[in-house]
Structure formats: C-alpha cells, structure tokens
Amino acid sequence: MNRTTLSLLAGTAALAAVTGFATLSSPQAATTAGTAAELPVERTSLLCPEPSTSEVAETSYTSFTPVTKNTGNDGKAELKAAAEESDGQNQSQSKNKGKDKSKGKKKAAKPVLTPKEPGTPVTADTSGGDAPALVGTAEGKFAPGWTVQETTEVAAGAGRGLQGVNCSAPDTEFWFPGASTAADRTDYVHLTNPDDSAAVVDIELYGKDGALDSSLGEGITVAPHSSDPILLSTLTEEKQEDLTVHVNVRSGRVGAAVQALDDKLGGDWLAASTDPSGSLVLPGIPKDATAVRLVAYTPSDSDADLKVRLASPSGLITPAGNETLHLKGGMTTAVDLGDVTRGEAGSLVLTPTDDSVPVVAALRVVRGKGANQETAFIPATRPVGPRATVADNSAKGSTLSLTAPTRTATVKVTASAGSEGGEAVSKTFTIKAGTTQNVEAPTPTGLKGTFALTVEHVSGGPVYGARTLAATEDGVPGFTIQTLPDDRGMVAVPEADEDLSVLQK
C-alpha cells in the first residue's frame, strides 16, 4: 500500500477486508464492545466436497447471499472446480479411488455457478459420479452471509436417499463425532485444499476405548487446488460403530466434511461439530424420527458429566432412562435415545452437571421403518447469532426448526425471492424459553424455483436453528438436515480514540 499516512481505524478495516477474519459480532456486540463498529466482511471462501461417486447421483448447487447494508455496489462470487483442468479433464482424482491424475497442459477451471445479485438464489445441476469438489470465493456485496448448499439424490446403492451439506469455509481443525468403520458403513473424510501450497493434515480416530492405532492418518498431504476423499477403513483395522474423527491441519488450511454411507440405512453428510464446549445444542430433530443416537467425545483428560434434556414445544424435558451422560476423557461414548421426540419437534440440550469440560457431539437420526429407512446427522452447532441462512428450500418438503434453550427470543425469518421468480417475504416469531418450534416459515410471493431462508436475531436469548429437506422416493423417506450457525457476515472493528496519522508524518 503506497501511502505515507494511515489511521489506526483504516488499517484495522483493511485487515478485516483482506482476510475476512476479525472478532465476531453477536446480538450484544454493540453494547459490550462499546467502541467497536460493525462492518460487513469483504471476502469469503467456501468449499464444497465431491458430492458422490454413484452414477445415478443427481446433484444441485444453490448459492445465495442475503442483502446486507453498507456493502457498496461492487463485488462478485463464483464456484469452480477445486482443481485446474488439463486437456479438459478434472485434475482432482483421489488415489483412494485408484485413479491416476490426468496429465497435460493445465488451464483454469471454468466457473460452475456465478451469482448475479444478492437476495436471489442461483442454482446449477450436475449428474453422475464425476462431479468435482468446488472452491468458491465471494467479494464485496456478495461476501457477507454467503451460503452454498450442495444437495444430492442417490436412487440406489450404499448411501441411497437424500444427501445435503452446507459448503464450509477452510479452517485448521475439525471434530466429527458420529463417524464409523463398522462393516455396514463406508465413511470418507473429504479434504479440500483451496490454496496455492500443499496442506499437511493429521486424521486422528477415537473410539470407545480411546485413540485408535492409525499411523496412516499422520502427515497426509493434500495438493494445492485439489480434494481427497480419505476412506476411514484404510486408516485403521479396527471396526467400531461409533468414532470421533479429529482433523488437525499442520500447515495450510482445508475444508473438511465426512460422507457417511450405510448399506441399509442410506447416508448423508456429517458436518463438523462446533468447537469443544461445556454446553451444546443439537437442534432440529424431526418429529417423526424413529431412532436417535447421540455420539459425544471430550478431548480433555478429565471425564465429563452432562445433563441430557430435550427442548420440546412445551419446554425442557428429561428423556426417561437417559437423564445424564458420562464421558470418559479421550473416549467416544454413544447412547441410543430411541424415538425421543415422540411425534413432536425437539432439540437436544447438553449442559454440565458440575464442572464444565469441553465436549463435541452429534446425533444420527433415522426416519422410516424396516427396509424403508434413511439417515441424517445433526452436529452440535453455534447459535444463529445476528443472522444465519440456509438455501435450497422448496414450497413443500422444507421444515425450519428453532429453539431458545435459555431465554425467550424473537427472530425475523425472511424467505428470499425464488431462483426463477417471486418476491421476498418476512415473518417474525417468538420462541419461548426452553422450547423448540417447527415454525411455519414464509414462502416467497409468486415462488418459482427454490428459495433461501434467513433467520435474524431480534431480541432475547440465543436461538439455534436447523432446516430439514425431505423427499420420499419409492417409499424411502429421504431427508437431510442442515444447522444454521451464525453466518460470520459482520466483523467488529475497533474505532480509534484519536487519529494517529499525524504521527506518521
């Protein structure tokens, strides 16, 4: 930057704009920060894993950015293949699939999807098992709150049903309780590197007796602009039904997600749990869930004792026979909760019974009976915060679930314009303390195509949310669940008490 003077405020704002990282705002940020100004982020990155290897897979991508004040009129966003192309062929082929990387002259990958305006979703479709992982970047007016949903329908085979995942930002650490190396499961950890230099990653596995011997998970190199699906069963010989996967990045950064495919119960994406915490909320258990399994892990050397409660439409209740959960340090614990919701909306709330010990957790949820069963996952998640968004909703088959575990809260829910037409509509809801509500979310006026739902915190205590997509095919109740964590669209930038530029002269 060729300037002779620069104020402290301008320098801090520039840092936030370039990196996209700063102190996250919250509903109380303006009060607690005092001298902090909230500004929209100016650059955001998202990574979408390779959707499927099935030849009968049908995948759709939906990109959406909510309208945000003070963003200016400029900016762009695009999604393209993680790898560069070579002679028209995708360079990102994992050695775990037994394919060789293509050779030839490289060229930049063409955009798969390019949004045109905040407030309106844009979609793209692909079919078959060769769709690559995608890397996305949004700048300017498209950056704050940018979200991309990847939804795949698989008609037959392992993991058949509906699979969905929110494309996530690159990071350096991820926790996945709920993975498995059981005989009927085929679980992959998808690692995507968006950068120009290689990333080095360790994958650690923790079962019911502690860490598994998994030397093959150490020092995995993910090449620049590439994606590798790592089959968990190749990292250990142990067959365990419930595992916690820890992805730790030694150098660089990656996007990570676990694809869990079951021979009999379908499959879905397992997104990362929120950072280890003493208290956790797992929102949006479908009211018709026939089986719910809680998988939890503490990375602490100390044991953790948790109070288990269900936030129902009428308030917090304790599941009979599962009042508390004891976790041994460094060991994964799983417990079957059965049809815990008993026909009502519900969210699981975990709190310490005594001393707080950091924990990660996820739920495996099953709908249907007999041969017509399907699976989805709900990881513990951050609260909605100031704003959260989920895309790829339709007029039928979408359910928005909101819970306020501690205090009554009010939120505003906005249904965006449709991807092919329609006008945005907003509605306000009050969620009573300790309850979960499947709210009647608004639908865009004159809807054509799919739409996004944006939840904004208005007042009261923290709110947690999840969205379920459902599509029954040949009697199988396909579904997928995505949580609604804070979109990190705003950053708190400290204001200078005085202009220090005079000192630079």
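Everything here concerns the structure above.
First things first, this report covers the structure right here in the doc. For clarity, every value in this text was computed on a predicted model and none was experimentally measured. (Residues numbered from 1 in each chain as written. Predicted model: local features only at pLDDT ≥ 70, side-chain atom pairs only at ≥ 80, totals over all residues. Heavy atoms only, no water.)

Examining the overall build of the chain
- Within the chain, the secondary structure is distributed over two helices and 42 strands.
- Taken across its 505 residues, the chain has 53% of its residues classed as buried.
- Of the roughly 21,900 Å² that the chain leaves accessible, carbon and sulfur atoms contribute 47%. (Helix = DSSP H or I, 4+ residues; strand = E, 2+ residues; numbered from the N terminus. Buried < 20%, exposed > 50% of the residue type's maximum accessible area, 1.4 Å probe, protein only. Areas by Shrake-Rupley, 256 points an atom, 1.4 Å probe, with all protein chains shown as cover.)

A few points about the state of the cysteines
- Going through the model one piece at a time under the given rule, you end up with one disulfide.
- Each sulfur in the disulfide pair cysteine 48 and cysteine 167 lies 2.0 Å from the other. Between cysteine 48 and cysteine 167 the disulfide shows an S-S torsion of about 110 degrees. By sign, it is right-handed. Of this pair, cysteine 48 sits in strand β3 (residues 43–48) while cysteine 167 is found in the loop between β13 (161–166) and β14 (173–179), placing the two residues 119 residues apart along the sequence. The two residues cysteine 48 and cysteine 167 agree in class, both being buried. (Disulfide = S-S within 2.5 Å.)

Section: the environment of valine 349
- Summarising the element assignment, valine 349 is placed in strand β29 (residues 346–352).
- Measuring from C-alpha to C-alpha, the distance between valine 349 and glycine 434 comes to 9.3 Å, with 85 residues separating the pair along the chain.

Here we look at the sheet that holds strand β41 (residues 476–483)
- The antiparallel open sheet is built from four strands, whose spatial order is β37-β33-β40-β41. Single-partner strands in this sheet number two, and they are β37 (435–439) and β41. Along the sheet, successive strands turn relative to each other by an average axial angle of 25 degrees, direction set aside.
- Pairing of strand β33 (residues 398–404) with β37, which is carried by five bridges, proceeds in the antiparallel orientation. Pairing of alanine 404 across the sheet is with threonine 435, part of β37. (Pairing = 2+ DSSP bridges. Axes fitted to C-alpha atoms, helices over the stretch in contact; angles between N-to-C directions.)

With respect to the environment of glycine 219
- Within the secondary structure layout, glycine 219 lies in the loop between β17 (210–211) and β18 (220–222).
- Under the relative-accessibility criterion, glycine 219 is labelled partly exposed at 31%.
- Discounting residues that sit within four places of it in the chain, glycine 219 has contacts with Val200, Val201, Asp202 and Arg250. (Contact = heavy atoms within 4.5 Å.)

Some points on the packing of aromatic side chains
- Summed over the entire model, instances satisfying the criterion amount to three aromatic pairs.
- The interplanar angle of 35 degrees and the centroid separation of 4.9 Å between the aromatic rings of tyrosine 206 and tyrosine 297 together place this pair among those described as tilted. Residue tyrosine 206 is found in strand β16 (residues 199–207), and its partner tyrosine 297 is found in strand β24 (residues 291–297); the two are separated by 91 residues along the sequence.
- A relative accessible area of 15% places tyrosine 206 in the buried class.
- When the ring centre of phenylalanine 479 is taken as reference, the NZ or CZ atom of arginine 367 above it lies at 5.0 Å. (Phe/Tyr/Trp six-rings, centres within 6.5 Å; stacked < 30°, edge-to-face > 60°. Lys NZ or Arg CZ within 6 Å of the ring centre and 35° of its normal.)

As for the pattern of salt bridges
- Applying the stated rule across the entire model yields 12 salt bridges.
- Arginine 250 is the partner of aspartate 202 in a salt bridge, and the nearest nitrogen-oxygen pair spans 2.9 Å. Taken together, the residues aspartate 202 in strand β16 and arginine 250 in strand β20 (residues 243–251) connect sequence positions 48 residues apart.
- Each of Asp242, Arg293 and Asp336 takes part in a single network of salt bridges with overlapping partners. (Salt bridge = Lys/Arg side-chain N within 4 Å of Asp/Glu carboxyl O.)

Focus: the sheet that holds strand β10 (residues 122–127)
- The antiparallel open sheet is built from four strands, whose spatial order is β10-β4-β12-β13. With one partner strand each, in any of the chains shown, β10 and β13 form the two edges of the open sheet. Each strand axis lies, on average, 15 degrees off the axis of its neighbour in the sheet, ignoring direction.

Section: the nonpolar core
- By size, the foremost hydrophobic cluster in this structure holds 29 residues, and its most contacted members are Leu282, Ile285, Leu294, Leu325, Leu348, Leu350 and Leu363.
- Broken down by element, this core gets its largest block of residues, four residues, from strand β25 (residues 304–312).
- Phe174, Ile203, Ile220 and Leu235 belong to the second-largest nonpolar core, a separate cluster that totals 26 residues. (Core = buried A, V, L, I, M, F, W, Y, C linked by side-chain atoms within 4.5 Å.)

Observations concerning the environment of proline 111
- Take proline 111: it is sitting in strand β9 (residues 111–113).
- Counting along the chain gives 25 residues from proline 111 to glycine 136, while the straight-line C-alpha distance between them is 9.1 Å.
- In this structure proline 111 touches Glu78, Leu79 and Lys80, once residues within four positions along its chain are discounted.

Concerning unusual backbone geometry
- Phi at arginine 342 is positive, roughly 50 degrees, even though this residue is not glycine.
- By the secondary structure assignment, arginine 342 is in the loop between β28 (332–338) and β29.
- Judged by relative accessible area, arginine 342 falls into the exposed class, the value being 68%.
- A positive phi angle, near 70 degrees, is found at aspartate 392, a position not held by glycine.

Focus on a negative patch on the surface
- Taken together, Glu58, Asp125, Glu153, Glu473 and Asp474 make up a surface patch of like negative charges.
- Along the polypeptide, aspartate 474 turns up in the loop between β40 (464–473) and β41. (Patch = residues over 30% accessible without salt bridge, like charges linked within 9 Å, V, L, I, M, F, W, Y side chains within 5 Å. Lys, Arg positive; Asp, Glu negative; His and termini not counted. Charge placed at Lys NZ, Arg CZ, Asp CG, Glu CD.)

Brief notes about the pairing of β3
- In terms of residue burial, β3 counts as a mostly covered element, since five of its six residues are buried.
- Where β3 meets strand β11 (residues 134–140), six bridges bridge the pair, whose relative direction is antiparallel. Bridge pairing links threonine 44 to alanine 138 in β11.

Here we look at the side chain of serine 273
- Tracing the backbone through its elements, the reader meets serine 273 in the loop between β22 (266–270) and β23 (280–285).
- Looking at serine 273, the relative accessible area reads 8%, which means it is buried.
- For serine 273, the side chain forms a polar contact with the main-chain nitrogen of alanine 361, separated by 3.5 Å.
- Those residues in contact with serine 273, other than ones at most four positions away along the chain, are Trp175, Pro177, Val360, Ala361, Pro379 and Ala380. (Polar contact = N/O pair within 3.5 Å; in protein donor to acceptor, adjacent residues only side chain to side chain.)

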